[in-house]
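Observations on the model geometry
Chain residues, written in single-letter form:
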Amino acid sequence: MTPVQRSTFGHLNRRTFLRYSSLTAAVLGGSAAIAACGGETSDTSGGSTPDGSKYGKVAVQLSWLKNIEFAGEYFADARGYFKEAGFGAVDLIAGGAASTSVEAGLDTGKVWLGLSAPQTTAPAILEGLPAKIVATTYQKNPFAIVSSAAKPIRTPGDMKGRKIGVQDTNQLIFNALLTANGMKPSDVTVVPAQFDPTPLANGEVDGWVSYVTNEPITLAAKGFQNTHFLFADFNLPLVAETLTVAQSTIDKERDKLKAFLAAEIKGWKDAVANPAESARLAVEVYGKDQKLDLAEQTQEAIAQNDLVVSPDTAANGLLTMSDALIEQNIAALRTAKIDIKAQQLFDLSVLREVYAENPGLK
């Protein structure tokens, strides 16, 4: 993991699995910070907007800094799909450790839509936030255990008796992985870690909690041959980069949301088809201030496609979730002691309407 890392509840690392108290703090204290990033919204009555477009300007909060993870949004913006859909502008707001959470932004009304994760949105809903996940970019979450190719850890069982570097903010998801696979924390030696995986490369630990689109690639680039397994492949099949909106958006702005989702699908189809251009947009345009490495971002774009595309998306379209996958997510959340019903967390009906009305998008 790079020193700059992903946040779940805005001010925490995105790879934090669950901290209930942080959400309350974000919702109660985050409105001032997010207000500076907000954008105008409009209803779907067909009335005029300040910019003369059908839907006006909307604020969309990303789950992290502007890197390759949001290639589909970049394409939708750069190729005019958002404008064609009726939006005057879509303000892509970077997330990150210094920002407030998507859920806090939705609560204050300063964010129209945000990219988040079930393990973040579910606790917010249980605490009273009227919101739903309406689509998902990643069919699998990117959490992984990376290890040396010379001493590989290919399954959770292989971790028994081994030293695993675990960041403090990732203890909960790591423990959920153990529980989901019939293991106890005492089965492994947890070594407190930061985000630089150098201890793994130096042999101080045997495994490392990582993002599959990050550390395995950066370590290999430095000559450290490695292998990994995904949490999602071992009984923790949570999706990620979920598109979340307020319930009022579904109820009162359905056509507007459908127009946005159609543009998103077009953008992600382009991103999947062209990893090199995805990386260029991230490095040279949208994430220019991040000083990203083009070769590394290209590799990450290729790896990312394995999370975005699945047999289900091939059959049903990008950003969709099958009923089976929804139930798997509910079960995975229960493993992490988050008890929520599918209908409380997900509403894929809007996306299904988009595909029914635009079959060419598949």
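Keep in mind the model is a prediction, meaning the values are calculated, not measured.

1. Regarding the overall build of the protein chain
The secondary structure content of the protein chain amounts to 17 helices and ten strands. Classification of the 362 residues of the protein chain by burial places 58% in the buried group. Taking the intrachain contacts of the protein chain between residues at least 6 apart in sequence as the baseline, contacts between residues at least 24 apart amount to 78%. Put simply, the protein chain shows about 14,100 Å² of open surface, and 51% of that area lies on carbon and sulfur atoms.

2. Brief notes about the confidence of the model for the protein chain
Per-residue pLDDT for the protein chain has a mean of 88; in total, 86% of the residues score no lower than 70. Note that pLDDT drops below 50 for residues 1-46; the model gives that stretch 154 contacts with residues more than four away or on any other chain.

3. Some thoughts on the sheet that holds strand β3 (residues 113-116)
Strand order in this open sheet of five strands is β2-β1-β3-β10-β4, and the pairing throughout is mixed. Each edge of the open sheet carries a strand with a single partner, namely β2 (87-93) and β4 (131-138). Going across the sheet, the axis of each strand differs from the next one's by a mean of 25 degrees, ignoring polarity. As paired strands, β3 and strand β10 (residues 240-246) are joined by four bridges and run antiparallel to one another. When the sheet's bridge partners are listed, Leu115 is paired in β10 with Leu243.

4. Overview of the pattern of salt bridges
Tallying each qualifying case throughout the model produces twelve salt bridges. Here Glu357 and Lys258 are joined by a salt bridge, their closest N and O atoms 2.8 Å apart. With Glu357 in helix α17 (residues 349-357) and Lys258 in helix α11 (residues 254-273), the pair connects residues that are 99 residues apart, well separated along the chain. Judged by its relative accessible area of 11%, Lys258 is buried. Asp323 is the salt-bridge partner of Arg352, the closest N and O atoms lying 3.3 Å from each other. Here Arg352, found in helix α17, pairs with Asp323, found in helix α15 (residues 323-335); they are 29 residues apart in sequence, far enough to count as distant. Judged by its relative accessible area of 45%, Arg352 is partly exposed. You can call Asp323 exposed: its relative accessible area is 54%. The structure contains a network of salt bridges with shared partners spanning Arg254, Lys258, Glu353 and Glu357.

5. Regarding the environment of Ala259
Along the chain, Ala259 turns up in helix α11. C-alpha separation for the pair Ala259 and Phe82, spaced 177 residues apart in sequence, amounts to 8.2 Å. Excluding anything up to four places from it in sequence, Ala259 contacts Tyr55, Ala85 and Phe87.

6. With respect to the nonpolar core
Across soluble globular proteins, nonpolar side chains have a tendency to be buried as a group. One finds Phe87, Ile145 and Met159 to be the most contacted residues of the largest nonpolar core, which totals 90 residues. Among the elements that take part in this core, α11 stands out by supplying nine residues, more than any other. In this structure Met159 touches Ile145, Ile153, Ile164, Phe174, Leu177, Leu178, Asp187, Val188 and Phe229, once residues within four positions along its chain are discounted. Membership of the second largest hydrophobic core comes to seven residues, among which are Val146, Leu200, Val205 and Leu219.

7. Quick word on unusual backbone geometry
Among all residues save glycine, negative phi is the norm, and among peptide bonds the norm is trans. Residue Asn235 is not a glycine yet carries a positive backbone phi of 70 degrees. For Asn235, the location among the structural elements is in the loop between β9 (226-230) and β10. You will see that Lys337, though not glycine, has its phi angle at about 65 degrees, which is positive. Here Lys337 is to be found in the loop between α15 and α16 (342-345).

8. A look at the pairing of strand β8 (residues 207-211)
The buried fraction of β8 is high, at five of five residues. The alternating pattern of β8 places Gly207, Val209 and Tyr211 and Trp208 and Ser210 on opposite faces, both of which are buried. The pairing of strand β5 (residues 143-148) with β8 spans five bridges and is classified as antiparallel. Looking at the pairing, Val146 lines up with Trp208 of β8. As defined by bridge partners, strand β6 (residues 163-167) adjoins β8 across two bridges and the pair is classed as parallel. The partner of Ile164 across the bridge, within β8, is Gly207.

9. Structural notes on the packing of aromatic side chains
Inspection of every chain in the model, using the stated rule, returns nine aromatic pairs. Between Phe82 and Phe260 the ring centres are 5.1 Å apart and the planes differ by 10 degrees, which places this aromatic pair in the stacked class. One end of the pair, Phe82, is in helix α4 (residues 81-84); the other, Phe260, is in helix α11, and 178 residues separate them in sequence. Accessibility classification places Phe82 together with Phe260 in one group, the buried group. By way of ring pairs, the aromatic residues Tyr55, Phe82, Phe87, Trp112 and Phe260 are connected into one cluster.

Parameters at a glance
- Residues numbered from 1 in each chain as written.
- Predicted model: local features only at pLDDT ≥ 70, side-chain atom pairs only at ≥ 80, totals over all residues.
- Heavy atoms only, no water.
- Helix = DSSP H or I, 4+ residues; strand = E, 2+ residues; numbered from the N terminus.
- Buried < 20%, exposed > 50% of the residue type's maximum accessible area, 1.4 Å probe, protein only.
- Contact = heavy atoms within 4.5 Å.
- Areas by Shrake-Rupley, 256 points an atom, 1.4 Å probe, with all protein chains shown as cover.
- pLDDT = per-residue confidence, 0-100.
- Pairing = 2+ DSSP bridges.
- Axes fitted to C-alpha atoms, helices over the stretch in contact; angles between N-to-C directions.
- Salt bridge = Lys/Arg side-chain N within 4 Å of Asp/Glu carboxyl O.
- Core = buried A, V, L, I, M, F, W, Y, C linked by side-chain atoms within 4.5 Å.
- Phe/Tyr/Trp six-rings, centres within 6.5 Å; stacked < 30°, edge-to-face > 60°.

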